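Spelled out from the first residue to the last, the chains are:
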Amino acid sequence: MKILITGCAGFIGFHLSKTLLKKNHIIFGIDNMNQYYDINLKNNRLKILKKYKSFFFKRCDILEKNKINKFVKINKIKIIIHLAAQAGVRHSINKPKEYFKSNIEGFFNILEISKNNKINHLIFASTSSVYGDYNKFPLKENYNTDNPLSFYAASKKTNEVMAYSYSNIYSLPSTALRFFTVYGPYGRPDMALFKFTKSIINNETIDLYNSGKHFRDFTYIDDIIKGIVSIINKPSKDKVPFNIFNIGNGSSSKLSIYLKNIETFLNKKAIINKLPLQLGDVIKTHADINKLNKYSGYKSKTNIKNGIKNFIKWYLKYYKF
Ligand SMILES: NC(=O)c1ccc[n+]([C@@H]2O[C@H](COP(=O)([O-])OP(=O)(O)OC[C@H]3O[C@@H](n4cnc5c(N)ncnc54)[C@H](O)[C@@H]3O)[C@@H](O)[C@H]2O)c1
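Anyway, here's the lowdown on the structure attached to this text. (Residues numbered from 1 in each chain as written. Predicted model: local features only at pLDDT ≥ 70, side-chain atom pairs only at ≥ 80, totals over all residues.)

## Thoughts on the site of the ligand
1) Next: Lining the immediate environment of the ligand, one finds 27 residues, of which Gly7, Gly10, Asn32, Ala85 and Ala125 sit closest.
2) Next: For the shell around the ligand, the secondary structure elements donating two or more residues are helix H1 (11–22), helix H5 (96–116) and strand S5 (121–127).
3) Next: At three residues, the largest contribution of residues to the shell around the ligand is made by H1.
4) Next: Among the residues making up the shell around the ligand, the classes are represented as 13 nonpolar, ten polar and four charged. (Near = placed C-beta within 6 Å. Helix = DSSP H or I, 4+ residues; strand = E, 2+ residues; numbered from the N terminus. Nonpolar A, V, L, I, M, F, W, Y, C, P; charged D, E, K, R; others polar.)

## Here we look at the packing of H5 against helix H6 (residues 151–170)
1) Next: One way to put it is that H5 packs onto H6 with a least axis distance of 10 Å and a crossing angle of 15°. Regarding the angle of H5 to H6, the classification is roughly parallel. Our pair here, H5 against H6, has a crossing hand that is right-handed. Contacts between H5 and H6 involve Pro96, Tyr99, Asn103, Ile104, Phe107, Phe108, Leu111 and Lys115 from the first element and Phe151, Tyr152, Ser155, Lys156, Thr158, Asn159, Met162, Ala163, Tyr166 and Tyr170 from the second. (Axes fitted to C-alpha atoms, helices over the stretch in contact; angles between N-to-C directions. Parallel < 35°, antiparallel > 145°, perpendicular 65-115°, else oblique. Left-handed = near helix turned anticlockwise from the far one by under 90°. Contact = placed C-beta atoms within 7 Å.)

## Details of helix H11 (residues 304–318)
1) Next: Taking 1.5 Å per residue, 15 residues should reach 21 Å; H11 reaches 21 Å between its end C-alpha atoms and fits that length.
2) Next: Turning to H11, its buried residues number three or more, namely Ile304, Gly307, Ile308, Phe311, Ile312 and Tyr315. Relative to the axis of H11, the buried residues are bounded by an arc of 130° and lie together on one face. With respect to the buried face of H11, the exposed residues turned more than 90 degrees away are Lys305, Asn306, Lys313 and Lys317.
3) Next: Looking at the buried side of H11, the elements it contacts are strand S7 (182–183), helix H7 (192–201), strand S10 (219–220), strand S12 (253–254) and helix H9 (255–266). (Expected span 1.5 Å × (residues − 1). Buried ≥ 20, exposed ≤ 12 C-beta atoms within 10 Å, placed from the backbone. Arc of directions from axis to C-beta.)

## Structural notes on the packing of H1 against helix H8 (residues 221–231)
1) Next: At a minimum axis distance of 10 Å, the contact between H1 and H8 shows a crossing angle of 60°. Taken together, H1 and H8 sit at an angle that is classed as oblique. The element H1 and its partner H8 pack so that their crossing is right-handed. Contacts between H1 and H8 involve Ile12, His15, Leu16 and Thr19 on the former and, on the latter, Ile221, Ile224, Ile225, Ile228 and Val229.
2) Next: For the contact of H1 with H8, the class distribution of residues is seven nonpolar, two polar and no charged.

## What about the sheet that holds strand S2 (residues 26–31)?
1) Next: Taken in spatial order, the seven strands make up an open sheet running S3-S2-S1-S4-S5-S6-S11, and their pairing is parallel. Each edge of the open sheet carries a strand with a single partner, namely strand S3 (55–59) and strand S11 (242–247). Direction aside, the axes of adjacent strands within the sheet are offset by 20° on average.
2) Next: Relative to strand S4 (residues 79–82), strand S1 (residues 2–6) runs parallel, the two sharing four bridges. (Pairing = 2+ DSSP bridges.)

## Observations concerning the environment of Ile201
1) Next: With respect to the helices, strands and loops of the structure, Ile201 is situated in helix H7.
2) Next: Separated by 115 residues in the primary sequence, Ile201 and Leu316 place their C-alpha atoms 9.6 Å from one another.
3) Next: Setting aside residues up to four positions removed in sequence, Ile201 forms contacts with Leu266 and Phe321.

## Some remarks on H6
1) Next: The end-to-end C-alpha distance of H6 is 28 Å, a good match for the 28 Å that 20 residues give at a rise of 1.5 Å each.
2) Next: Within H6 the residues assigned to the buried category are Phe151, Tyr152, Ala153, Ala154, Ser155, Lys156, Lys157, Thr158, Asn159, Ala163, Tyr166 and Ser167.
3) Next: Each element contacted by the buried residues of H6 is listed here: helix H4 (91–94), H5, S5, strand S6 (174–179) and S11.
4) Next: Note on H6: the residue one or two positions beyond its end, Ser171, has a positive phi of about 50°.

If you want it as C-alpha coordinates, here you go:
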(Lines give C-alpha, C1' and ligand atoms only; values in the text may rest on other atoms or scores of the structure.)
Protein backbone atom coordinates (compact mmCIF):
# COMPACT_ATOMS: atom_id res chain seq x y z
CA MET A 1 0.00 0.00 0.00
CA LYS A 2 1.16 3.56 -0.69
CA ILE A 3 0.84 5.67 2.44
CA LEU A 4 1.64 9.32 3.11
CA ILE A 5 2.85 9.96 6.67
CA THR A 6 3.18 13.59 7.71
CA GLY A 7 5.58 14.31 10.57
CA CYS A 8 7.61 11.19 9.68
CA ALA A 9 10.75 12.50 11.43
CA GLY A 10 8.79 12.97 14.65
CA PHE A 11 8.57 10.49 17.50
CA ILE A 12 5.35 8.69 16.51
CA GLY A 13 5.81 9.26 12.75
CA PHE A 14 9.23 7.60 12.84
CA HIS A 15 8.00 4.48 14.65
CA LEU A 16 4.91 4.22 12.46
CA SER A 17 6.94 4.61 9.25
CA LYS A 18 9.43 1.96 10.39
CA THR A 19 6.71 -0.52 11.29
CA LEU A 20 4.87 -0.04 7.99
CA LEU A 21 8.11 -0.27 5.96
CA LYS A 22 8.84 -3.58 7.69
CA LYS A 23 5.40 -4.73 6.58
CA ASN A 24 6.44 -3.92 2.96
CA HIS A 25 4.31 -0.83 2.48
CA ILE A 26 5.57 2.09 0.40
CA ILE A 27 5.94 5.12 2.63
CA PHE A 28 5.98 8.72 1.44
CA GLY A 29 7.11 10.84 4.36
CA ILE A 30 7.01 14.59 4.79
CA ASP A 31 8.33 16.76 7.60
CA ASN A 32 9.46 20.39 7.85
CA MET A 33 12.29 19.38 10.25
CA ASN A 34 11.59 22.31 12.57
CA GLN A 35 13.75 23.12 15.60
CA TYR A 36 11.10 22.68 18.34
CA TYR A 37 13.49 20.13 19.84
CA ASP A 38 16.92 18.64 19.08
CA ILE A 39 17.15 18.40 15.31
CA ASN A 40 19.83 15.67 15.57
CA LEU A 41 17.22 13.33 16.98
CA LYS A 42 14.96 14.00 13.98
CA ASN A 43 17.88 13.58 11.56
CA ASN A 44 18.89 10.30 13.17
CA ARG A 45 15.35 8.95 12.96
CA LEU A 46 15.29 9.89 9.27
CA LYS A 47 18.64 8.22 8.70
CA ILE A 48 17.15 4.93 9.88
CA LEU A 49 14.09 5.32 7.64
CA LYS A 50 16.19 6.19 4.60
CA LYS A 51 17.80 2.74 4.79
CA TYR A 52 14.57 1.32 3.40
CA LYS A 53 14.28 1.40 -0.40
CA SER A 54 10.54 1.95 -0.24
CA PHE A 55 10.82 5.13 1.85
CA PHE A 56 10.55 8.44 -0.01
CA PHE A 57 11.13 11.63 1.94
CA LYS A 58 10.16 15.16 1.01
CA ARG A 59 11.14 18.02 3.27
CA CYS A 60 8.22 20.42 3.25
CA ASP A 61 5.77 22.24 5.43
CA ILE A 62 2.09 21.30 5.52
CA LEU A 63 1.43 24.96 4.79
CA GLU A 64 2.80 24.26 1.27
CA LYS A 65 -0.46 22.84 0.01
CA ASN A 66 0.29 22.71 -3.72
CA LYS A 67 3.59 20.90 -3.24
CA ILE A 68 1.98 18.18 -1.14
CA ASN A 69 -1.04 17.94 -3.41
CA LYS A 70 1.25 17.26 -6.37
CA PHE A 71 3.27 14.72 -4.35
CA VAL A 72 0.07 12.82 -3.44
CA LYS A 73 -1.31 13.00 -6.99
CA ILE A 74 1.85 11.90 -8.81
CA ASN A 75 2.43 9.02 -6.42
CA LYS A 76 -1.23 7.93 -6.48
CA ILE A 77 -1.42 7.88 -2.69
CA LYS A 78 -4.76 6.75 -1.23
CA ILE A 79 -4.03 6.66 2.51
CA ILE A 80 -2.87 9.64 4.57
CA ILE A 81 -1.77 9.39 8.19
CA HIS A 82 -1.40 12.93 9.44
CA LEU A 83 0.86 13.31 12.47
CA ALA A 84 2.66 16.59 11.69
CA ALA A 85 1.67 19.23 14.22
CA GLN A 86 3.03 21.61 16.75
CA ALA A 87 2.86 19.34 19.80
CA GLY A 88 3.16 20.16 23.51
CA VAL A 89 0.64 21.71 25.89
CA ARG A 90 3.05 24.09 27.66
CA HIS A 91 4.63 25.63 24.55
CA SER A 92 1.14 26.61 23.37
CA ILE A 93 0.85 29.07 26.26
CA ASN A 94 3.63 31.25 24.83
CA LYS A 95 3.40 30.49 21.11
CA PRO A 96 -0.28 30.00 20.20
CA LYS A 97 0.28 31.24 16.64
CA GLU A 98 2.56 28.29 15.84
CA TYR A 99 -0.38 26.04 16.76
CA PHE A 100 -2.79 28.05 14.68
CA LYS A 101 -0.52 27.83 11.61
CA SER A 102 0.49 24.15 11.76
CA ASN A 103 -2.47 22.60 13.53
CA ILE A 104 -5.37 24.54 12.06
CA GLU A 105 -4.29 26.10 8.75
CA GLY A 106 -2.01 23.12 8.02
CA PHE A 107 -4.79 20.72 8.90
CA PHE A 108 -7.14 22.52 6.53
CA ASN A 109 -4.61 21.88 3.75
CA ILE A 110 -4.50 18.17 4.62
CA LEU A 111 -8.30 18.02 4.40
CA GLU A 112 -8.29 19.78 1.01
CA ILE A 113 -5.55 17.49 -0.32
CA SER A 114 -7.50 14.44 0.93
CA LYS A 115 -10.67 15.68 -0.76
CA ASN A 116 -8.95 16.58 -4.05
CA ASN A 117 -7.25 13.19 -4.31
CA LYS A 118 -10.23 11.12 -3.16
CA ILE A 119 -8.27 9.62 -0.30
CA ASN A 120 -9.67 6.27 0.93
CA HIS A 121 -8.81 6.98 4.55
CA LEU A 122 -7.43 10.02 6.37
CA ILE A 123 -6.20 9.15 9.86
CA PHE A 124 -5.04 12.00 12.07
CA ALA A 125 -3.62 12.61 15.52
CA SER A 126 -5.84 14.12 18.16
CA THR A 127 -5.09 14.07 21.87
CA SER A 128 -6.34 13.13 25.32
CA SER A 129 -6.03 16.86 26.13
CA VAL A 130 -9.38 17.47 24.40
CA TYR A 131 -11.10 16.06 27.52
CA GLY A 132 -9.87 19.03 29.57
CA ASP A 133 -10.80 18.66 33.23
CA TYR A 134 -13.65 16.23 32.59
CA ASN A 135 -13.53 14.07 35.69
CA LYS A 136 -15.50 10.89 35.04
CA PHE A 137 -12.97 8.11 34.49
CA PRO A 138 -12.09 6.26 32.36
CA LEU A 139 -12.62 8.84 29.61
CA LYS A 140 -14.95 7.73 26.83
CA GLU A 141 -15.03 9.13 23.32
CA ASN A 142 -18.59 10.43 23.70
CA TYR A 143 -17.80 12.58 26.75
CA ASN A 144 -17.91 16.36 26.47
CA THR A 145 -14.82 17.96 24.92
CA ASP A 146 -16.05 21.54 24.74
CA ASN A 147 -13.72 22.88 27.42
CA PRO A 148 -10.09 22.59 26.26
CA LEU A 149 -7.70 23.95 28.89
CA SER A 150 -4.95 24.89 26.43
CA PHE A 151 -4.74 26.24 22.90
CA TYR A 152 -3.01 23.00 21.88
CA ALA A 153 -6.12 21.07 22.98
CA ALA A 154 -8.33 23.65 21.25
CA SER A 155 -6.42 23.18 17.98
CA LYS A 156 -6.89 19.40 18.10
CA LYS A 157 -10.58 19.66 18.98
CA THR A 158 -10.88 22.01 16.00
CA ASN A 159 -9.33 19.29 13.78
CA GLU A 160 -11.94 16.77 14.88
CA VAL A 161 -14.78 19.16 14.09
CA MET A 162 -13.27 20.23 10.75
CA ALA A 163 -12.75 16.60 9.69
CA TYR A 164 -16.32 15.67 10.62
CA SER A 165 -17.64 18.34 8.28
CA TYR A 166 -15.46 17.08 5.40
CA SER A 167 -16.62 13.53 6.09
CA ASN A 168 -20.20 14.76 5.96
CA ILE A 169 -20.03 17.08 2.97
CA TYR A 170 -17.43 15.35 0.78
CA SER A 171 -17.82 11.76 2.10
CA LEU A 172 -14.15 11.81 3.10
CA PRO A 173 -13.50 8.76 5.32
CA SER A 174 -11.58 10.10 8.30
CA THR A 175 -10.57 8.90 11.76
CA ALA A 176 -9.33 10.94 14.72
CA LEU A 177 -7.08 9.13 17.16
CA ARG A 178 -6.86 10.59 20.66
CA PHE A 179 -3.38 9.58 21.83
CA PHE A 180 -2.72 9.41 25.58
CA THR A 181 0.81 10.49 26.73
CA VAL A 182 3.02 8.46 24.43
CA TYR A 183 6.50 7.40 25.57
CA GLY A 184 9.31 5.09 24.50
CA PRO A 185 12.67 4.93 22.69
CA TYR A 186 13.41 7.88 20.36
CA GLY A 187 10.81 9.80 22.39
CA ARG A 188 10.35 13.56 22.60
CA PRO A 189 12.92 15.53 24.63
CA ASP A 190 10.19 17.93 25.85
CA MET A 191 8.24 15.15 27.57
CA ALA A 192 8.52 13.93 31.18
CA LEU A 193 10.34 10.62 30.71
CA PHE A 194 13.09 12.12 28.56
CA LYS A 195 13.49 15.24 30.73
CA PHE A 196 13.52 13.30 34.01
CA THR A 197 16.02 10.73 32.74
CA LYS A 198 18.34 13.39 31.36
CA SER A 199 18.21 15.48 34.55
CA ILE A 200 18.83 12.55 36.90
CA ILE A 201 21.83 11.39 34.87
CA ASN A 202 23.28 14.92 34.74
CA ASN A 203 22.57 15.72 38.43
CA GLU A 204 20.23 18.52 37.37
CA THR A 205 17.13 19.65 39.27
CA ILE A 206 13.75 18.43 38.01
CA ASP A 207 10.87 20.91 38.00
CA LEU A 208 8.01 18.75 39.24
CA TYR A 209 4.68 20.45 38.55
CA ASN A 210 1.77 19.82 40.93
CA SER A 211 4.39 18.04 43.10
CA GLY A 212 3.97 15.03 40.77
CA LYS A 213 0.43 14.47 42.04
CA HIS A 214 -1.26 14.32 38.65
CA PHE A 215 -2.13 11.15 36.83
CA ARG A 216 -1.49 10.16 33.24
CA ASP A 217 -2.46 7.24 31.09
CA PHE A 218 1.09 6.60 29.87
CA THR A 219 1.00 4.66 26.61
CA TYR A 220 4.00 2.82 25.25
CA ILE A 221 4.88 3.66 21.64
CA ASP A 222 4.49 0.05 20.37
CA ASP A 223 0.90 0.00 21.60
CA ILE A 224 0.14 3.32 19.90
CA ILE A 225 1.58 2.00 16.62
CA LYS A 226 -0.43 -1.24 16.88
CA GLY A 227 -3.54 0.86 17.45
CA ILE A 228 -2.90 3.01 14.37
CA VAL A 229 -2.08 0.02 12.17
CA SER A 230 -5.21 -1.80 13.34
CA ILE A 231 -7.51 0.76 11.71
CA ILE A 232 -5.68 1.68 8.49
CA ASN A 233 -7.91 -0.58 6.41
CA LYS A 234 -10.98 0.12 8.50
CA PRO A 235 -12.41 3.50 7.56
CA SER A 236 -15.90 4.13 8.87
CA LYS A 237 -18.72 2.76 6.71
CA ASP A 238 -21.30 5.03 8.35
CA LYS A 239 -23.37 7.56 6.40
CA VAL A 240 -20.96 10.18 7.70
CA PRO A 241 -17.71 8.18 7.44
CA PHE A 242 -16.06 9.58 10.56
CA ASN A 243 -14.71 7.91 13.69
CA ILE A 244 -13.00 8.95 16.90
CA PHE A 245 -11.02 6.50 19.04
CA ASN A 246 -8.94 6.77 22.19
CA ILE A 247 -5.59 5.00 22.03
CA GLY A 248 -4.27 4.64 25.54
CA ASN A 249 -2.88 2.06 27.89
CA GLY A 250 -6.21 1.92 29.69
CA SER A 251 -4.77 2.61 33.15
CA SER A 252 -3.63 5.72 34.96
CA SER A 253 -0.40 6.20 36.95
CA LYS A 254 0.65 8.96 39.32
CA LEU A 255 3.51 11.02 37.91
CA SER A 256 5.52 10.62 41.14
CA ILE A 257 5.31 6.81 40.77
CA TYR A 258 6.42 7.12 37.16
CA LEU A 259 9.40 9.14 38.39
CA LYS A 260 10.16 6.52 41.09
CA ASN A 261 10.38 3.87 38.37
CA ILE A 262 12.90 6.00 36.47
CA GLU A 263 14.97 6.39 39.66
CA THR A 264 14.86 2.63 40.21
CA PHE A 265 16.12 1.79 36.72
CA LEU A 266 18.83 4.45 36.86
CA ASN A 267 19.62 3.45 40.43
CA LYS A 268 19.86 7.14 41.34
CA LYS A 269 17.69 9.69 43.17
CA ALA A 270 16.24 12.75 41.46
CA ILE A 271 16.80 16.29 42.77
CA ILE A 272 13.31 17.74 42.85
CA ASN A 273 11.96 21.29 42.74
CA LYS A 274 8.24 21.13 43.54
CA LEU A 275 6.08 23.60 41.59
CA PRO A 276 2.33 24.28 41.38
CA LEU A 277 0.19 22.85 38.57
CA GLN A 278 1.19 24.38 35.26
CA LEU A 279 -1.43 26.49 33.50
CA GLY A 280 -3.19 24.46 30.81
CA ASP A 281 -2.30 21.06 32.33
CA VAL A 282 -5.05 18.62 33.25
CA ILE A 283 -5.02 16.76 36.60
CA LYS A 284 -5.76 13.31 35.27
CA THR A 285 -6.12 11.28 32.11
CA HIS A 286 -7.30 7.68 31.90
CA ALA A 287 -8.48 6.22 28.61
CA ASP A 288 -11.40 3.91 28.10
CA ILE A 289 -10.10 1.77 25.23
CA ASN A 290 -13.16 -0.44 24.73
CA LYS A 291 -14.40 1.34 21.61
CA LEU A 292 -11.20 0.65 19.66
CA ASN A 293 -10.98 -2.85 21.14
CA LYS A 294 -14.45 -3.70 19.80
CA TYR A 295 -13.70 -2.08 16.43
CA SER A 296 -10.27 -3.52 15.65
CA GLY A 297 -9.26 -5.79 18.53
CA TYR A 298 -6.80 -3.24 19.97
CA LYS A 299 -5.24 -4.18 23.32
CA SER A 300 -2.40 -2.45 25.14
CA LYS A 301 0.45 -4.74 26.18
CA THR A 302 3.20 -2.73 27.87
CA ASN A 303 3.05 -1.61 31.50
CA ILE A 304 5.05 1.41 32.73
CA LYS A 305 7.75 -0.73 34.36
CA ASN A 306 8.68 -2.47 31.11
CA GLY A 307 8.14 0.66 29.03
CA ILE A 308 10.42 2.82 31.18
CA LYS A 309 13.04 0.05 31.26
CA ASN A 310 13.05 -0.08 27.44
CA PHE A 311 13.34 3.69 27.20
CA ILE A 312 16.26 3.91 29.62
CA LYS A 313 18.07 1.07 27.84
CA TRP A 314 17.68 2.99 24.58
CA TYR A 315 18.69 6.35 26.16
CA LEU A 316 21.91 5.00 27.68
CA LYS A 317 22.92 3.36 24.40
CA TYR A 318 21.94 6.31 22.17
CA TYR A 319 23.82 8.86 24.30
CA LYS A 320 26.71 6.42 24.83
CA PHE A 321 26.66 6.21 28.65
N1 LIG B 1 3.59 12.20 21.92
C2 LIG B 1 2.42 12.31 22.57
O3 LIG B 1 2.32 11.98 23.76
C4 LIG B 1 1.19 12.79 21.86
C5 LIG B 1 -0.02 12.78 22.58
C6 LIG B 1 -1.17 13.20 21.95
C7 LIG B 1 -1.14 13.63 20.64
N8 LIG B 1 0.05 13.65 19.97
C9 LIG B 1 0.04 14.10 18.56
O10 LIG B 1 0.65 13.11 17.76
C11 LIG B 1 1.34 13.71 16.67
C12 LIG B 1 2.79 13.26 16.66
O13 LIG B 1 3.38 13.64 17.89
P14 LIG B 1 4.91 13.37 18.26
O15 LIG B 1 4.96 13.12 19.70
O16 LIG B 1 5.46 12.39 17.31
O17 LIG B 1 5.51 14.82 18.00
P18 LIG B 1 6.86 15.27 17.23
O19 LIG B 1 6.99 16.73 17.49
O20 LIG B 1 7.97 14.38 17.59
O21 LIG B 1 6.48 15.03 15.71
C22 LIG B 1 5.83 15.96 14.89
C23 LIG B 1 6.64 16.13 13.62
O24 LIG B 1 5.91 17.02 12.77
C25 LIG B 1 6.83 17.95 12.19
N26 LIG B 1 6.07 19.17 11.91
C27 LIG B 1 5.59 20.06 12.81
N28 LIG B 1 4.97 21.08 12.18
C29 LIG B 1 5.04 20.80 10.85
C30 LIG B 1 4.59 21.48 9.69
N31 LIG B 1 3.95 22.65 9.77
N32 LIG B 1 4.84 20.92 8.48
C33 LIG B 1 5.53 19.75 8.39
N34 LIG B 1 5.99 19.08 9.45
C35 LIG B 1 5.74 19.59 10.67
C36 LIG B 1 7.92 18.14 13.22
O37 LIG B 1 9.16 18.53 12.63
C38 LIG B 1 8.01 16.77 13.87
O39 LIG B 1 9.03 15.98 13.30
C40 LIG B 1 1.16 15.21 16.85
O41 LIG B 1 0.05 15.60 16.06
C42 LIG B 1 0.84 15.37 18.32
O43 LIG B 1 0.10 16.52 18.58
C44 LIG B 1 1.21 13.22 20.55
